[in-house]
Amino acid sequence: MLFTASEDVNDIDFTGLDSDDARSHAHLTNALVSDLSCGVSGIAFVYRSLDRILHYYDLRDAVIVIDEAGLGRQVFRAGREILTDDNLALLDATPGVYTDPPLEPDRIDDGALMSLCLVALQVDLLQYDAWHDSLTGLYDRRSFDRLLELAVARSGRYGWRFALVILDVDRFKALNDMEGHAAGDAALRGLGEGLRRVLRFGDDAARIGGDEFALILPETDPGDVPELVKRIETADVSTALSLSFGCASCPEEADEFDTLFRMADARLYAAKEKITE
Amino acid sequence: MNLDDLELELRKLPGIRWAAFSDVGDRLLVQLHAMQSARSDVALEASRIAARHCELPISVDLVRWLPPPKSTEHTMLRSNGSAPPPPPPAPPAPPASIEPSARPAPQSFPSYTSLRPSSSSGPSSWSPSLAPVAVAAGHPAAPPPPAWHEPRLEILGLLTLVDTDEIEVHLTDGAARTIGRASRRHGLLGAVEATLDAVRGFPITIELPVAPAWAQPIQSTSGGRSVVAVALARLGREECYGLASGNGEVEAAAGATLDALHRNLRPARRDGSV
């Protein structure tokens, strides 16, 4: 019964439990599990949990400190409050749950709270990794397919226009062969960094293959793309790269996912052939 | 804007232990606390991440914590790497991090109690004693903030925000802290404007209206420092001048602005006291 998700914890009968504390633990844990099953993000779950214990125990403040692989030690405070100089000491707190005023250890099952928060954050991290390329931090191919589908659908429905650009690093194989894969990886990381610097809010960039990147640029004239690519090439001074690109605009040139992608890809291929010649 | 996604990405940056947000007028304030493992360009990286998630202008308030070199004191560096003035001496601090079952709770945060003293989690990667900033801020015996006629405003940090094209100046008078901003396009005068903007945030009045007149680089030293002179225009009076050195011309211009104010103006607190 304890780990059955329920929208309304008050509907559950906890009278079979043998103490007020046990019933209190059960109520709260059930509410938290209910939150976890609602599909909120891990970060949102942590804040919601803190808010719940705030109201449940009529507290002024509550803090949870977790230590999670991939995140390190992290401090969360109810209400997403800005940290003031009065409570900087929290940054040094060891993992646990902290409340103001203090609660007797028996009154709250902080072990369950910590475990649930860790699970929720772990899911966040897994989801992030599932949608992002680990080398560059950009979106991966799966994310790109989804983003392009959405962009095409929006364009069809609302008439929004966008440019699809596919980028490829010139002579990337030679770079890998001559300077090693570490140099190749560094170049790709640098390119990812350059893309993040140059692109506008609302533009999307993804690494869709070994050295292939795709950009979805809303309200962009294809004539502006060569200048943009130049800026990307020079954005990261540590890696001087030459890029080839192919571009197609939606809905002017194509208004379907496959056609649009093939058109941009064919133009990239033509640009690469010129370089080879 | 999805604040959860933004927070997750910021907290994934190595060394970031705390991220919080606040709407400040028409911009989003992002507060970050970074431990020693954070990269040197973490503020820039954070502003880029935030810009990807948020269409509003963004201010990143980064506090970088470093372990004490030898003693038990902490050093707090602001994002430009310059250390603030040493905090006033505090009475002996209660030891250690918040592990109330083993140690008394810190006086600066007296009412929080750990429900689960974590014996399995090893020692904090950060030095275990309390930061003097926290102790000084919360301890009843902490000395009052310095009087206005003493060496007054200090630069805590300078940020150049590429995404919003702004210069951000953080000042402190030993107790309060303000932030001033101006467009980066104004060059060195932008640093002067941002400094004056931050000065106006303190509970003081400046007896005469002042405005940036000019800012002129004087010299770059072999140690990589710059010397800048600044003139401030005052209504109906002659210009006043300031001179300062800094790590780069922007920092020097901000310092020279404070120098001009400190040497030439006699600001009074708004309550009438001097």
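To keep things clear, this report deals only with the structure shown in the data block. Values in this document were obtained by computation on a predicted structure and should not be read as measured data.

Criteria and thresholds
In this numbering scheme, every chain counts its residues from 1 along its sequence in written order. All chains are assigned letters beginning at A, and all ligands numbers beginning at 1, according to the order in which they are written. Only residues with pLDDT of 70 or above have their local features reported here, since the model is predicted, and side-chain atom pairs are shown and tallied only from 80 upward, although totals for entire chains, interfaces and linings are computed over all residues. Note: side-chain values were computed over all heavy atoms of the structure, leaving out hydrogens and water. Going along the chain from the N terminus, every DSSP run of H or I of four or more residues is numbered as a helix, and every run of E of two or more is numbered as a strand. Only protein chains enter the calculation, and the probe is 1.4 Å; a residue is then buried if its accessible area is under 20% of its type maximum, exposed if over 50%, and partly exposed in between. The contact criterion used throughout is that any non-hydrogen atoms of two residues lie within 4.5 Å. Residue-level accessible areas treat just the shown protein chains as cover; the underlying method is Shrake-Rupley with a 1.4 Å probe. Think of each axis as a best-fit line through the C-alpha atoms, taken over the contacting stretch in the case of a helix, with angles from 0 to 180 degrees between the N-to-C directions. Here a crossing is taken to be left-handed if its near helix is turned anticlockwise relative to the far helix by less than a right angle, and right-handed if that turn runs clockwise. Three residue categories are used. Nonpolar comprises Ala, Val, Leu, Ile, Met, Phe, Trp, Tyr, Cys and Pro, charged comprises Asp, Glu, Lys and Arg, and polar comprises the others, including Gly. What the arc covers is the set of directions going from the helix axis to the C-beta atoms. Any two strands are treated as partners once DSSP identifies two or more bridges connecting them. Among buried residues, those of type Ala, Val, Leu, Ile, Met, Phe, Trp, Tyr and Cys that are joined through side-chain atoms within 4.5 Å constitute a nonpolar core. Any carboxyl oxygen of Asp or Glu that lies within 4 Å of a side-chain nitrogen of Lys or Arg is treated as forming a salt bridge with it. For the purpose of charge, His is not counted, nor are the chain termini; Lys and Arg are scored as positive and Asp and Glu as negative.

Let's talk about the overall build of chain A
At step 1: When helices and strands are tallied, chain A shows eight helices and seven strands.
At step 2: In chain A, buried positions account for 50% of the 277 residues.
At step 3: Residue pairs at least 24 apart in sequence account for 63% of intrachain contacts in chain A once pairs closer than 6 positions are excluded.
At step 4: Element-wise, carbon and sulfur atoms account for 50% of the exposed surface of chain A, whose accessible area totals about 13200 Å².

Here's the deal with the overall build of chain B
At step 1: Along its length, chain B carries five helices and 13 strands.
At step 2: Relative to its full complement of 274 residues, chain B shows a buried share of 49%.
At step 3: For chain B, restricting intrachain contacts to residue pairs at least 6 apart in sequence, the fraction spanning at least 24 positions comes to 50%.
At step 4: Element-wise, carbon and sulfur atoms account for 54% of the exposed surface of chain B, whose accessible area totals about 12400 Å².

Focus: the packing of helix α4 (residues 141–158) of chain A against helix α8 (residues 257–276) of chain A
Residue and element names in this part refer to chain A.
At step 1: Two numbers describe how α4 lies on α8: the axes approach to 10 Å, and their chain directions differ by 115°. Crossing of α4 against α8: the hand is right-handed. Counting all contacts with α4, which are made through Arg 141, Phe 144, Asp 145, Leu 148, Glu 149 and Val 152, the residues of α8 involved are Phe 257, Leu 260 and Phe 261.
At step 2: Its residues assigned to classes, the contact of α4 with α8 shows six nonpolar, no polar and three charged.

Overview of helix α7 (residues 225–235) of chain A
All names here are of chain A.
At step 1: Looking at α7, one finds that the buried residues are Val 225, Leu 228, Val 229, Ile 232 and Ala 235. Angularly, the buried residues of α7 cover 120° about the axis, an arc narrow enough to put them on a single face. Exposed side of α7, more than 90 degrees from the buried face: Lys 230 and Thr 234 are the residues found there.

A look at unusual backbone geometry
Residues and elements named next belong to chain A.
At step 1: Of note, the amide linkage connecting Asp 100 to Pro 101 takes the cis form, showing an omega dihedral of 0°.
At step 2: Here Pro 101 shows up in the loop between β3 (96–100) and α3 (110–131).
At step 3: Positive phi values are uncommon outside glycine, yet Arg 171 reaches one of about 55°.
At step 4: Along the chain, Arg 171 turns up in the loop between β4 (162–169) and α5 (172–179).
At step 5: A positive phi angle is found at Glu 219, which is not glycine, with a value near 50°.
At step 6: With respect to the secondary-structure elements, Glu 219 resides in the loop between β6 (212–218) and α7.

Some details on the pairing of strand β6 (residues 154–161) of chain B
All names here are of chain B.
At step 1: Buried residues dominate β6, accounting for six of its eight residues.
At step 2: Bridging between β6 and strand β7 (residues 166–172) involves seven bridges; their strand directions are antiparallel. If you follow Leu 161 over to β7, its bridge partner there is Glu 166.

Concerning the nonpolar core
At step 1: With 30 residues, the main nonpolar core has A:Leu50, A:Ile53, A:Ile64 and A:Phe76 as its most contacted residues.
At step 2: Counting residues per element, the ones that place at least two in this core are α1 (20–36), α2 (42–56), β1 (61–68) and α3 of chain A.
At step 3: Counting residues per element, this core draws most heavily on α3(A), at eight residues.
At step 4: Residue contacts for A:Phe76: discarding those within four places in its chain leaves A:Ile43, A:Val46, A:Tyr47, A:Leu50, A:Ala62, A:Val63, A:Ile64, A:Ile66, A:Leu121, B:Glu7, B:Arg11 and B:Trp18.
At step 5: Among the nonpolar cores identified, the runner-up in size contains 29 residues, and B:Ile167, B:Ala182, B:Val192 and B:Ala194 belong to it.

Here we look at the pattern of salt bridges
At step 1: For the structure on display, the rule yields 22 salt bridges over all chains.
At step 2: For the salt bridge of A:Lys173 with A:Asp177, the shortest nitrogen-to-oxygen distance reads 2.9 Å. Here A:Asp177 and A:Lys173 lie together in helix α5, a separation of four residues that amounts to about one turn. Across the pair, exposure class does not vary: A:Lys173 and A:Asp177 are exposed alike.
At step 3: The partner of A:Arg267 in a salt bridge is A:Glu253, with the nearest N and O atoms 2.9 Å apart. Linking A:Arg267 in helix α8 with A:Glu253 in the loop between β7 (243–250) and α8, this pair joins segments that are 14 residues apart in sequence.
At step 4: According to the relative accessible area criterion, A:Arg267 is partly exposed, its value standing at 35%.
At step 5: On the accessibility criterion, A:Glu253 (34% relative accessible area) is partly exposed.
At step 6: Linked through salt bridges whose partners overlap, the residues forming this network are A:Arg80, B:Asp4, B:Glu7 and B:Arg11.

Things to note about the sheet that holds β6(A)
All names here are of chain A.
At step 1: Pairing in this open sheet of four strands is antiparallel, and the strands run β5-β6-β4-β7 from one edge to the other. Two strands close off the open sheet at either side, each with one partner strand: β5 (204–207) and β7. Each adjacent strand pair in this sheet contributes to an overall mean axis angle of 15°, direction not counted.
At step 2: In the sheet, β4 pairs with β7 via eight bridges, with the strands oriented antiparallel. Across the sheet, the residue bridging to Asp 168 is Ser 244, located in β7.

Quick word on α5(A)
Residues and elements named next belong to chain A.
At step 1: Every buried residue of α5 is listed here: Phe 172, Leu 175 and Asn 176. End-on, the buried residues of α5 take up no more than an arc of 95°, which puts them together on one face. Opposite the buried face of α5, by more than 90 degrees, sit the exposed residues Lys 173, Asp 177 and Met 178.
At step 2: Immediately downstream of α5, the backbone of Gly 180 shows phi near 95°, a positive value.

Quick word on the side chain of A:Asp124
At step 1: Mapped onto the secondary structure, A:Asp124 falls in helix α3.
At step 2: In this structure A:Asp124 is buried but unpaired, with A:Arg80 as the nearest side chain of opposite charge at 8.4 Å.
At step 3: Those residues in contact with A:Asp124, other than ones at most four positions away along the chain, are A:Ser41, A:Gly42, A:Ile43 and B:Leu8.

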